[in-house]
Amino acid sequence: MAKQLLFQDVEVGAAVPTLVKKPSTQQLVKWAGASGDFYQIHYDKDFAISKNLPGVIVHGRLKSAFLVQMLTDWIGVDGVLKKFSCSYRGMDYPDQTMTCKGAVTKKYAQGGENCVECDIWAENPKGEKTTIGSALVVLPAKA
């Protein structure tokens with residue numbers, strides 16, 4: 001189990017530990033079943049090509065889930081992911097590496113909570129940001 005991240009241990013400008021994913025077509029099929037998103041561009045290559053795509057593409061919400069996993073792995077069991085948002089700016093493809101990254105942009109105490117704001121994003125193998133967003137996490141503090 002990872003050590004619990006504490007508010008005092010976070011500095012503005014610090015990087016969120018990266019999370020690297022390489023989703024397979026099989027994972028996309030499983031995600032379709034779990035999420036109810038059965039649009040064929042996510043698992044049927046011929047259909048995706050008929051829609052002028054180069055092939056099957058990764059679900060946007062799966063990319064969101066990877067970013068959430070990166071954040072919750074970082075903040076630990078006593079941290080709380082209070083707000084999360086993202087937008088999709090490019091396509092990702094199965095069997096290619098996606099790297100989830102983040103950076104702390106602000107930290108403050110408000111209403112009895114120790115708040116940390118972050119910019120977050122996912123990059124394709126070319127280093128292009130295909131998904132961008134922001135998050136607010138609440139962390140425990142040293143006694």
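In what follows, the structure referred to is the one given above.
So, a few notes on the structure that sits alongside this text. (Residues numbered from 1 in each chain as written. Predicted model: local features only at pLDDT ≥ 70, side-chain atom pairs only at ≥ 80, totals over all residues. Heavy atoms only, no water.)

As paired strands, strand 1 (residues 15–21) and strand 3 (residues 98–110) are joined by five bridges and run antiparallel to one another. Among the inter-strand pairings, A15 is bridged to a residue of strand 3, identified as A103. Summarising the sheet, strand 3 and strand 4 (residues 113–123) pair through eleven bridges and their orientation is antiparallel. Each residue of the ladder has a partner; that of C100, found in strand 4, is A122. Between strand 3 and strand 4, which pair antiparallel in sequence order, lie two residues; one of them, G111, sits at a positive phi of approximately 55°. (Pairing = 2+ DSSP bridges. Helix = DSSP H or I, 4+ residues; strand = E, 2+ residues; numbered from the N terminus.)

Right, let's get into a nonpolar patch on the surface. On the surface, a cluster of nonpolar side chains totalling about 280 Å² of accessible area is made up of V29, F38 and Y43. Within the secondary structure layout, F38 lies in the loop between helix 1 (25–35) and helix 2 (45–50). (Patch = residues over 30% accessible without salt bridge, like charges linked within 9 Å, V, L, I, M, F, W, Y side chains within 5 Å. Areas by Shrake-Rupley, 256 points an atom, 1.4 Å probe, with all protein chains shown as cover. Salt bridge = Lys/Arg side-chain N within 4 Å of Asp/Glu carboxyl O.)

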